[in-house]
Amino acid sequence: ADGLAGDYIHSIAEDGQGRLRFGAGAEDGGRGQGVSRYDGGELITFTKADGLPHDWVYAIAVDGQDRVWFGGPGGATRYDGHEFLTFGSADGLGGHRWDDNQSGGTTSYAGEAGHSVRAIKVDSRGAVWFATRGGATRYDGTGFTLLTEADGLSGDKAFTLAEDGEGSMWFGTDFGLDRYDGETFQHFGTKDGLCNNRVRTILADRDGALWFGTFGGGLCRYEGNIQRIFTQQDGLPDNGLMTLLEA
């Protein structure tokens, strides 16, 4: 009624001009509805018809040049205010093909862009990182570097990522956490105190602590080591957490 593409919101991001973007879907979560941009006055929606590779948008981030990146089943798409440019495995992004069954059948997208991106993070050096169904990928402005299980990632399917205060990247998978300092990986799992190996969201707070939301194990706080675990017994509404935000 207010112009938002859908009531089921997957992602939110704010650009340098204060405009908000929402990755939206149908209320039942059954169909993507594109991205709505709100400038304080009106809502404008962009969909596959406008240049997005897919109407589901799982992640949104804004880089240092105020370009907006979108991630979803269609790969990674960059919008510079004028046109959409999509990257897939042919460009080095990584990931597995996505089959679209929204229309009652199963259709693989043409070309190499049909690869699912679950999260996007712009690091302190300006590089753009992607958590994909085929690993973690870094874009430095000229090309992509893909990190997989063969490189030391605990699993090829990365769900989330964040940067800590020392500039290291953290990745959440179904097999625990990985800390990457640019050269080597350090793995953390339940044997190290992690509340659950299925990590779905990571937050680096302003005090330097890291928070890990898991699927089934609640919330963990890390500051040099796992210091606290929060579950439903501590007041969480559910032990499955998909998103964390610092107020």
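Look a little higher up for the structure.
Being a predicted model, the structure only gives us computed values, none of them experimental.

1. Comments concerning the overall build of the protein chain
Reasoning step 1: Scanning the protein chain from terminus to terminus reveals zero helices and 22 strands.
Reasoning step 2: Sorting the 247 residues of the protein chain into buried and exposed places 47% on the buried side.
Reasoning step 3: Long-range contacts, defined as pairs at least 24 residues apart, comprise 39% of the intrachain contacts of the protein chain with a sequence gap of at least 6.
Reasoning step 4: As displayed, the protein chain has an accessible area near 12,000 Å², and 43% of this comes from carbon and sulfur atoms.

2. A few points about the side chain of S168
Reasoning step 1: Looking at the element boundaries, S168 is found in the loop between β15 (160–163) and β16 (169–173).
Reasoning step 2: For S168, a relative accessible area of 3% corresponds to the buried category.
Reasoning step 3: Within polar-contact distance, the side chain of S168 engages the side chain of R179 at 3.1 Å.
Reasoning step 4: Residues in contact with S168, not counting those within four places in the same chain, are A162, E163, R179, Y180 and D181.

3. Considerations on the side chain of R78
Reasoning step 1: Note on placement: R78 falls in strand β7 (residues 75–79).
Reasoning step 2: Those residues within four positions of R78 in sequence are excluded, and the remaining contacts are R67, V68, W69, E83, F84, L85, F87 and Y139.

4. Observations regarding the state of the cysteines
Reasoning step 1: Applying the stated criterion across every chain, the model contains one disulfide.
Reasoning step 2: Linked covalently through their sulfurs, C195 and C220 form a disulfide whose S-S length is 1.9 Å. The disulfide joining C195 to C220 has a torsion of about -140° about its S-S bond and is therefore left-handed. Pair noted here: C195 is in the loop between β18 (185–188) and β19 (199–204) and C220 is in strand β21 (residues 219–222), with a separation of 25 residues, a long-range link.

5. Things to note about the nonpolar core
Reasoning step 1: W69, I120, V128 and F130 are the most contacted members of the largest nonpolar core, which has 13 residues in total.
Reasoning step 2: Looking at this core, the element that brings in the most residues is strand β11 (residues 117–122), giving three residues.

6. A few points about the sheet that holds strand β6 (residues 68–72)
Reasoning step 1: Spatial ordering of the open sheet is given by β5-β6-β7-β8, a layout of four strands whose pairing is antiparallel. The strands lining the two open edges of the sheet, one partner per strand, are β5 (59–62) and β8 (84–87). Within this sheet the neighbouring strands show an average axis-to-axis angle of 20°, counted without direction.
Reasoning step 2: Bridge count between β5 and β6: four bridges; the pairing is antiparallel.

7. Details of the pattern of salt bridges
Reasoning step 1: Under the defined criterion, the tally for this structure stands at eleven salt bridges.
Reasoning step 2: As a salt-bridge pair, D63 and R67 come within 2.9 Å of each other at their nearest N and O atoms.
Reasoning step 3: With a relative accessible area of 8%, D63 lands in the buried category.
Reasoning step 4: Via salt bridges that share partners, D15, R19 and R21 belong to a single interconnected network.

8. Looking at the sheet that holds strand β12 (residues 128–132)
Reasoning step 1: Overall, antiparallel pairing links the four strands, which are arranged β11-β12-β13-β14 in an open sheet. In this open sheet, the two strands that pair with only one neighbour each are β11 and β14 (144–147). Going from strand to strand, the sheet's axes swing by 20° on average, the running direction of each strand aside.

9. Describing the pairing of β8
Reasoning step 1: Strand direction decides the pairing type here: β7 and β8, joined by four bridges, are antiparallel. Among the inter-strand pairings, A76 is bridged to a residue of β8, identified as F87.
Reasoning step 2: What sits between β7 and β8 in their antiparallel hairpin is a turn of four residues, with G81 showing a positive phi close to 100°.

10. A word on unusual backbone geometry
Reasoning step 1: In this model, D66 sits at a positive phi of 60°, which is unusual for a non-glycine residue.
Reasoning step 2: With respect to the element layout, D66 can be found in the loop between β5 and β6.
Reasoning step 3: A residue is classified by how much of its surface remains accessible, and D66, at 26% relative accessible area, is partly exposed.

11. Quick word on the pairing of β14
Reasoning step 1: Alignment of strand β13 (residues 135–139) against β14, held across four bridges, turns out to be antiparallel. Bridging across to β14, T137 finds its partner in L146.
Reasoning step 2: What sits between β13 and β14 in their antiparallel hairpin is a turn of four residues, with G141 showing a positive phi close to 105°.

12. Quick notes on the environment of R67
Reasoning step 1: Summarising the element assignment, R67 is placed in the loop between β5 and β6.
Reasoning step 2: Remark: the alpha-carbon pair of R67 and R78, spanning eleven residues in sequence, is separated by 6.6 Å.
Reasoning step 3: Non-local contacts of R67, meaning those with residues more than four positions away in its chain, are made with A61, V62, R78, Y79 and D80.
Reasoning step 4: Separated by 2.9 Å, the side chains of R67 and D63 make a polar contact.

What counts and how
Residues numbered from 1 in each chain as written. Predicted model: local features only at pLDDT ≥ 70, side-chain atom pairs only at ≥ 80, totals over all residues. Heavy atoms only, no water. Helix = DSSP H or I, 4+ residues; strand = E, 2+ residues; numbered from the N terminus. Buried < 20%, exposed > 50% of the residue type's maximum accessible area, 1.4 Å probe, protein only. Contact = heavy atoms within 4.5 Å. Areas by Shrake-Rupley, 256 points an atom, 1.4 Å probe, with all protein chains shown as cover. Polar contact = N/O pair within 3.5 Å; in protein donor to acceptor, adjacent residues only side chain to side chain. Disulfide = S-S within 2.5 Å. Core = buried A, V, L, I, M, F, W, Y, C linked by side-chain atoms within 4.5 Å. Pairing = 2+ DSSP bridges. Axes fitted to C-alpha atoms, helices over the stretch in contact; angles between N-to-C directions. Salt bridge = Lys/Arg side-chain N within 4 Å of Asp/Glu carboxyl O.

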